[in-house]
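# Structural features, examined
Chain by chain, the residues:
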Amino acid sequence: MEVPETFEFPFPPYKAQENFMKNLYKALEEKKFGIFESPTGTGKSLALICGAVRWLRDHEARELADAEAAVAQLRSSGGGAAAAGASPDDWLAEQAVDRERRQQLLRAERQLEALQRARARATVKRGPRRPEKSAELARQEDEFRQLFGDVVENDPPDSSGQEEDLIAEFHSDEDSSSDEDPEEEEEEYHGTQIIYTSRTHSQLTQFVGEVRRSPHADHVRLVALASRPQLCINDAVRRLGSVGLVNQACLDMQNKTGSKATKMADGGRAEKKQKSTGACPYKRRVDDMAAEVLSEVRDIEQLVAEGRRRKACPYYASRRAVKHAQLVVVPYNNLLHAGTRQASGLRLTDSVIIVDEAHNLLETIGSIHTCHLSYRQVSEALEQLNHYIETYKKRFSPKNLLYLRQLLHVHKGIIKLVDSTTKTMPPGSEQTKVLLLNDFLCGATIDNLNMRKLLLFADKSRLVQKLRGCWKKRQVTAAPVATGRSAVSQFLREIQQPASDQTQAAAEQPEAPAETRTSDMPLMATLQLISALSDPDRDCRLLISTTRAEPPTIKYLPLNAAAQFTDIVKEARAVVLAGGTMQPVSEFRDQLLVAAGAAPSRVTVFSCGHVVPADQLLTLSLAAGPSGAELLFNYQNRALPATMSELGRVLVSLCTLVPAGVICFLPSYDYAAATIAHLTSTGAMDRIAAKKQVFREPRQANRADAVLSQYSAAARETGRRSTGPSGAILFCVVGGKMSEGINFSDDLGRCVVVVGLPYPNARSPELVEKMNFLDANVKRSEDGRTAGQILYENLCMKAVNQSIGRAIRHKNDYACVVLCDARYSRASTVAGLPEWIRRQMGHHAKFGPAFGQIRQFFKKMQEKFPPS
Ligand code: SF4
């Protein structure tokens, strides 16, 4: 298909948006892996929607036209073998050719019908709700009250009550049935789907809002997926809060359909109530709700509201709607984690994958697959398992008892390994031992176990929930917990104490009181580790660490993000990684896409300029401060009093020149504290405070909003006071709470100062392992750097780019970006900055000229945008 000259758009698009849409359309049409960079304020979301949905609609129209042409051509070629050129005498050959033609025609007609059905669904006109629809809803509501009025307010089923419910039941190793409702697969057209994903719930909501405002709102079938806690409308279940508890309670309710008949016993209504007592009442009418989901573009909150109105579960309805949707909106986890992706019903084959806010995609893939648990969680899970086995051992089938004992063995093995590893580490020290997967498995003596079978057993028997129920029952019926002397406690004491001390120590050592426990489902955490360990092909390391105050921790660290992206690269038609700042692009190209199997020729890069005119942005790097001292914030120099004092002089000068708000990013919380203390003790902070009100990013996340709103108010006060400071300065930390997702537009961010280059800790065991892995598996870049070195540089530059991106948010905005460090003039560092920053950046070896340039810039801006 030719790239269109114009696109439907809610208003005349900027040139940058038009270019974005054209390049996006071309990338989808040519089945590319696109890296799309579009700075904040350029209307990226709308360009993504209007470019991608336009392509999808053209693609579907072409598929339909092709199918109609194929049917017409097969119908018209009804001359059989003669038409195919076979000899008229050869009757058998004629019959065979004719049969083949009829089969082709049948297939083509079926495909055409499926396409026409899908097209009819897509052209459903959305309008105001019809009155008869409301009447139908009222009738359904009455029926619902009759059937379930006394059920919905009840607590969800809890296995702690019924002994029978607590026995692990698992009948077949081959059992592969899904937790989700089995649904008969009807013959359907599985067309291309666009799967859109972004990092946060609010970004997804914003995206859906943009779709609603786009010209495609009335035509596109969109479904937004989310977790049970977000979509559940059964308040008794929803109140449980955590993902694990809500999932377990919901699945348990599905399992219990019709199991509590005795509660209902009055004539005709008894049978209906019998079915509803155990199962969630909102699971009904999911099909109707699924159709409704697709009839209008809705975000998660709107889906929940619609579910409540219809008394139908939005969670199951949205999942059921997935296969008929054109645009599926999902959180990262639903796409990037294979198990969650399958459970969500996402189809990768021939799909278009759009990953938004993709600047940290490699790190996100890593963290989604990282598993972190504490020694205490393993020991608590062990204790619960042991109690469970001891309580019911006579009632388990031999096979299930075997699985339970194997699980017990896994937990004991991990604890023994951690103990033997950490006993050589000095108490109170922070140390980490890195193990290969095989060394971990052998060290824990669990290398000969079939972990997948154990996981299947735990999953199908709902072991987590049963263990929790059994443990709660014990807590209710047992004497005070601290007096217990379980076999597990005995085991733990035995392996922790020298043999000679065991007897006396055991008598003195109480069990942990219930309130110090990590959660009431520790097995859930340990099963995650077992799941990670069960994949023998993974490139990973196991890290056993001690900390100063806490018990040891165990971390499963995946090293190869590309391996988790391989299925997407292999099956999708096209992949688009979009973000405000996608530099350094080499990371996405070499370490993700190409490493996951993409042909380099299919990778395409598009970077659009900022919508802000060039004269509204001033970027410069500073190698020296006002006194001529070098600005070099490497590890050796940055804590020197002379370096901090020179930074203070830079900030005093900037606060004199810059109107309204200044954001100053420092490389770490510790360095921010040290710098502020130094500036305060030397009096520099007083000079800054005379110009601007001073604010500081708090370490505690719950205080960030309050500081932000105080800073915003102070920054906006600029010029309104006759005396005292005008505007504000906010000291924050690169990679901290203010460096991502916060909008410092207009007066909130007239100047962004980035102090130093925030390189990660090169001695961190995790980083060392990742760098070594990349060095061994990814080829060097053209400039000779190893892939590990590139990762190290990229982590730093991505953090810088995120900080810079806080300012300059729309086309009437203006700001100055000051990069304080002599190293910002290095070519390799400049290459890591976004193109729109790079192309007009000036480097200053002396402060004087920089000061003049900044003064000029703000003078011009005051003229261009006079205060209203
Ligand atoms: S079926 Fe839906 S509404 Fe009912 S408990 Fe499960 S998620 Fe909640």
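Above this text you will find the structure in question.
Let me begin by describing the structure that accompanies this report.

Cut-offs applied
- Residues numbered from 1 in each chain as written.
- Predicted model: local features only at pLDDT ≥ 70, side-chain atom pairs only at ≥ 80, totals over all residues.
- Heavy atoms only, no water.
- Near = heavy atom within 4 Å.
- Nonpolar A, V, L, I, M, F, W, Y, C, P; charged D, E, K, R; others polar.
- Core = buried A, V, L, I, M, F, W, Y, C linked by side-chain atoms within 4.5 Å.
- Buried < 20%, exposed > 50% of the residue type's maximum accessible area, 1.4 Å probe, protein only.
- Helix = DSSP H or I, 4+ residues; strand = E, 2+ residues; numbered from the N terminus.
- Domains from an automatic or database assignment.
- Contact = heavy atoms within 4.5 Å.
- Pairing = 2+ DSSP bridges.
- Axes fitted to C-alpha atoms, helices over the stretch in contact; angles between N-to-C directions.
- Salt bridge = Lys/Arg side-chain N within 4 Å of Asp/Glu carboxyl O.

## A look at the site of the ligand
- Near the ligand you find C232, I233, N234, V237, C250, Q254, C280, Y282, K283, C313 and Y316, and these make up its full shell.
- Split into classes, the residues belonging to the shell around the ligand amount to eight nonpolar, two polar and one charged.

## A short note on the nonpolar core
- In this structure, L327, L335, L361, F565 and L577 are the most contacted members of the largest nonpolar core, which totals 101 residues.
- Residue contributions to this core peak at nine residues, all from helix α2 (residues 44-76).
- When residues of this core are sorted by domain, at least three fall in each of domain 1 (44-122) and domain 2 (146-174 + 210-325 + 334-344).
- Apart from the residues within four sequence positions on either side, L577 is in contact with G34, I35, F36, V355, A358, L361, F565, M582, F588, L592 and L593.
- Membership of the second largest hydrophobic core comes to 50 residues, among which are L407, I414, L441 and L527.

## Some remarks on the sheet that holds strand β2 (residues 194-198)
- Sheet architecture is open: seven strands sit in the order β3-β4-β2-β5-β10-β1-β11, paired in parallel fashion. Sheet topology places β3 (222-224) and β11 (603-607) at the edges, where each strand pairs with a single neighbour. The sheet shows a mean angle of 15 degrees between the axes of neighbouring strands, taken without regard to direction.
- As defined by bridge partners, strand β1 (residues 33-37) adjoins β11 across five bridges and the pair is classed as parallel. For G34, the partnering residue across the bridge sits in β11 and is T604.
- Packed on one face of the sheet, helix α26 (residues 585-594) meets β1, β10 (574-579) and β11 and runs near 155 degrees to β1.

## Focus: the sheet that holds strand β14 (residues 693-696)
- Across the sheet, which stays open at both edges, the seven strands sit in the order β14-β15-β13-β16-β17-β12-β18 with parallel pairing between neighbours. Here the strands that pair on one side only, and so sit at the sheet edges, are β14 and β18 (841-844). In this sheet, neighbouring strand axes are inclined to one another by 20 degrees on average, regardless of whether the strands run parallel or antiparallel.
- Direction of pairing for strand β13 (residues 661-666) relative to strand β15 (residues 728-733): parallel, over a ladder of six bridges. When the sheet's bridge partners are listed, F665 is paired in β15 with C732.

## Things to note about unusual backbone geometry
- Between Q583 and P584 the backbone carries a cis peptide bond, its omega angle lying at -10 degrees.
- Along the polypeptide, P584 turns up in the loop between β10 and α26.
- Unusually for a residue other than glycine, D350 sits at a positive phi of about 65 degrees.
- Here D350 lies in the loop between α15 (338-343) and β5 (352-355).
- Phi is positive for D746, close to 50 degrees, though the residue is something other than glycine.
- You can see D746 is positioned in the loop between β15 and β16 (751-755).

## Let's talk about the side chain of T619
- Summarising the element assignment, T619 is placed in strand β12 (residues 617-622).
- Look at T619 and you get buried, because its relative accessible area is 1%.

## Section: the pattern of salt bridges
- Considering all chains together, one arrives at 38 salt bridges under this definition.
- Close ionic contact of K393 with E390 constitutes a salt bridge, the shortest N to O distance being 3.3 Å.
- Accessibility expressed as a relative area gives 32% for K393, which makes it partly exposed.
- With a relative accessible area of 45%, E390 lands in the partly exposed category.
- Two residues, D615 and K864, come together in a salt bridge whose shortest N-O distance is 3.1 Å. One end of the pair, D615, is in the loop between β11 and β12; the other, K864, is in helix α35 (residues 847-864), and 249 residues separate them in sequence.
- Relative accessible area serves as the criterion here: at 38%, K864 is assigned to the partly exposed category.
- Three or more residues are tied together by salt bridges with common partners; here these are E292, E296, R298, E306, R309 and R310.

Purely geometric numbers; function is a separate question.
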